[in-house]
Amino acid sequence: MTTAWGEPALARFPEDPRDRLRAWDASDEYLLRHLAERRIPLSGTVVAVGDRWGALVTALAAHRPTQITDSWLGQEATRANLARNGVEPGAVRLLTTQDPPPDRIDVLLVRVPKSLALLEDQLLRLAPAVHEGTVVVGAGMVKEIHTSTLDLFARILGPTRTSLAEKKARLILCTPDPTLRRPGNPWPYRYPLPDGIGPVSGATVVNHAGVFCADRLDIGTRFFLRHLPAGGNGGRVVDLGCGNGVVGTAMALADPRAEVLFVDESFQAVASAQATYRENDVPGHAEFRVGDGLSGVPAGSVDLVLNNPPFHSHQATTDATAWRMFTGARRALRRGGELWVIGNRHLGYHVKLRRLFGNSEVVASDPKFVVLKAVKR
Ligand SMILES: C[S@@+](CC[C@H](N)C(=O)[O-])C[C@H]1O[C@@H](n2cnc3c(N)ncnc32)[C@H](O)[C@@H]1O
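Just so you know, these numbers come straight off a predicted model, no measurement behind them.

A. Summary view of the packing of aromatic side chains. Tallied over the full model, the rule gives eight aromatic pairs. Look at F13 and W72: their rings are 6.2 Å apart centre to centre, the planes differ by 70°, and that puts the pair in the edge-to-face class. Residue F13 is found in the segment before α1 (26–37), and its partner W72 is found in helix α3 (residues 72–84); the two are separated by 59 residues along the sequence. With centroids separated by 5.8 Å and ring planes inclined at 75°, the aromatic side chains of F262 and Y277 adopt a geometry described as edge-to-face. You can see F262 sitting in strand β11 (residues 259–264) and its partner Y277 sitting in helix α8 (residues 267–279), a full 15 residues away along the chain.

Right, here's the structure in full:
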């Protein structure tokens, strides 16, 4: 990436030589160019929120910025990119969206996230640290910036306008008004589950901003909950890509002897799963882990993996993630252990499962969804 601060070499994480996607985009470049051309002073506390693969903080490392991210993969990418460019590890402060934010922010850079809810939550959490002199610049691709995005900046921080578009990217320029009466933070959001979905019927789900289906039960997840394994055998269960933890919590309620590991790469998701589990006084033992799929889980140590793979991001990335999740499950399962997957019919997960496990059975299906089971032989 070419910037006024040099040309850092950047990669996504985990690195995949077949992946042609860059670790930055035109909005990162536009934002950095704006800072340089306007000679924005970067001597105070510089905070970058939503910096996807660490492009912003790697470029600005000399100014000792703080990065705030919801993504474990994004944070690992940042660590790797800093190392790749010879930046000493302490130069950039790496925080998650769950950490207490800095007390005072002089330059706030916001790479607009996909989730409006996450943007709302983050701006509300950071607003007390923003003062009259804080330079606030948001950035995103034109298709990611809507009137509702600008409204959030205006309602939470102060008067907001946008720049002209350059290479399909746009900047959000906001002048903080500390006298503004900010709305209260609606996150985390709780809702009760409906009846008819097994042991988790009527339970409360807790959702931190930005998690999958934060304000209602996803119809695919609902279908999965109606067709989960009966349980009763105890053993080690993984809720892989746990989101708000509703699937693992259902399994723990069905089988109090089971040990459930909740894993997600989103810090907001794992915090939600933990809160959902606690909220429902679930008996038994659970563990919560932020990380990439099943990496770090010992081979042959798991009896059951439950998985609703991500499907919203860029198609190539999504396919790769599902494949990595299934491969990880095969490695982590003991012989005779099972992977249960829910997906839209058209995603064709049965093909992947058959290639990996040599078998795939339809547990349940309707016109839209299918629940598949693969056994490690
Ligand atoms: C379709 S959602 C399913 C959420 C929840 N299990 C449900 O059914 O409601 C997929 C989840 O996978 C998570 N995810 C994406 N990539 C991941 C990865 N590499 N490792 C672990 N989790 C990941 C996402 O953050 C998201 O919470």
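There's more to say after this.
B. View of the site of the ligand. Contacts to the ligand come from 20 residues, most closely from G241, D264, D292, G293 and N308. The contact in question runs from an oxygen atom of the ligand to an N or O atom on the side chain of T221, over 3.0 Å. A distance of 3.5 Å is found between a nitrogen atom of the ligand and a backbone nitrogen or oxygen belonging to C242. Relative to its unbound accessible surface of 600 Å², the ligand loses 91% to contact with the protein. Broken down by class, the residue content of the shell around the ligand amounts to eight nonpolar, eight polar and four charged.

C. Representation of the sheet that holds strand β13 (residues 302–307) in the model. With mixed pairing, the seven strands of this open sheet are ordered in space as β12-β11-β10-β13-β14-β16-β15. A single partner strand is all that each edge strand has here, and the edge strands are β12 (285–290) and β15 (361–365). The sheet shows a mean angle of 15° between the axes of neighbouring strands, taken without regard to direction. Packing against the sheet, helix α7 (residues 246–254) makes contact with β10 (236–240), β11 and β13, and its axis sits at approximately 180° to β11.

D. The arrangement of helix α4 (residues 116–126) in detail. Among the eleven residues in α4, nine count as buried, and that is most of the element. Taken residue by residue, α4 has A117, L118, L119, E120, D121, Q122, L123, L124 and L126 as its buried positions. Tucked inside the fold, the buried residues of α4 contact β1 (46–49), β2 (66–69), β4 (105–111), β5 (130–141), α5 (147–156) and α8. By the N-cap criterion, in which a side-chain oxygen at the helix start approaches the backbone nitrogen of a residue two or three places on, α4 is capped by S115, the distance to A117 being 3.3 Å.

E. Focus on α3. The terminal C-alpha atoms of α3 lie 18 Å apart, and with 13 residues this matches the ideal 18 Å at 1.5 Å per residue to within 8%. The N-capping residue of α3, defined by a side-chain oxygen 3.3 Å from the backbone nitrogen of L73, is S71. Where α3 ends, the next residue or the one after it, G86, has phi of about 70°, a positive value.

F. Inspection of the nonpolar core at higher detail. If you look at the biggest cluster of nonpolar residues, it comprises 33 residues, and the most contacted ones within it are M1, L31, L32, L109 and L171. Counting residues per element, this core draws most heavily on α1, which supplies five residues. Apart from the residues within four sequence positions on either side, M1 is in contact with G6, E7, P8, L10, W24, D28, E29, L32, A55 and A59. In terms of nonpolar packing, the next biggest core, distinct from the first, is built from 32 residues, L228, F262, V282 and V371 among them.

G. Structural context of the pattern of salt bridges. Within this structure, the stated rule accounts for 18 salt bridges. Close ionic contact of R52 with E144 constitutes a salt bridge, the shortest N to O distance being 3.5 Å. Placement of the pair is R52 in the loop between β1 and α2 (55–59) and E144 in the loop between β5 and α5, with a sequence separation of 92 residues. Residue R216 pairs with D215 through a salt bridge whose shortest N-O separation is 3.4 Å. Through salt bridges with shared partners, one network takes in D25, D28, R52, R111 and E144.

H. How the structure looks around unusual backbone geometry. Each neighbour pair has its own omega, and for F13 with P14 the value is -5°, a cis peptide bond. On the secondary structure map, P14 appears in the segment before α1. P188 follows W187 through a cis peptide bond whose omega is 0°. Looking at the secondary structure, you find P188 in the loop between β7 (169–174) and β8 (189–192). The residue K167 is not glycine, and still its phi comes out positive at about 50°. For K167, a relative accessible area of 65% gives the class exposed.

I. Inspection of the packing of α4 against α5 at higher detail. Contact geometry for α4 and α5: axes closest at 10 Å, N-to-C directions at 15°. Put simply, α4 runs roughly parallel to α5. Of the two possible hands of crossing, α4 and α5 adopt the one that is right-handed. Here L116, L119, E120, L123 and L124 of α4 lie close against α5, whose contacting residues are S148, T149, L152, F153, R155 and I156.

Rules and cut-offs
Residues numbered from 1 in each chain as written. Predicted model: local features only at pLDDT ≥ 70, side-chain atom pairs only at ≥ 80, totals over all residues. Heavy atoms only, no water. Phe/Tyr/Trp six-rings, centres within 6.5 Å; stacked < 30°, edge-to-face > 60°. Helix = DSSP H or I, 4+ residues; strand = E, 2+ residues; numbered from the N terminus. Near = heavy atom within 4 Å. Polar contact = N/O pair within 3.5 Å; in protein donor to acceptor, adjacent residues only side chain to side chain. Areas by Shrake-Rupley, 256 points an atom, 1.4 Å probe, with all protein chains shown as cover. Nonpolar A, V, L, I, M, F, W, Y, C, P; charged D, E, K, R; others polar. Pairing = 2+ DSSP bridges. Axes fitted to C-alpha atoms, helices over the stretch in contact; angles between N-to-C directions. Contact = heavy atoms within 4.5 Å. Buried < 20%, exposed > 50% of the residue type's maximum accessible area, 1.4 Å probe, protein only. Expected span 1.5 Å × (residues − 1). Core = buried A, V, L, I, M, F, W, Y, C linked by side-chain atoms within 4.5 Å. Salt bridge = Lys/Arg side-chain N within 4 Å of Asp/Glu carboxyl O. Parallel < 35°, antiparallel > 145°, perpendicular 65-115°, else oblique. Left-handed = near helix turned anticlockwise from the far one by under 90°.

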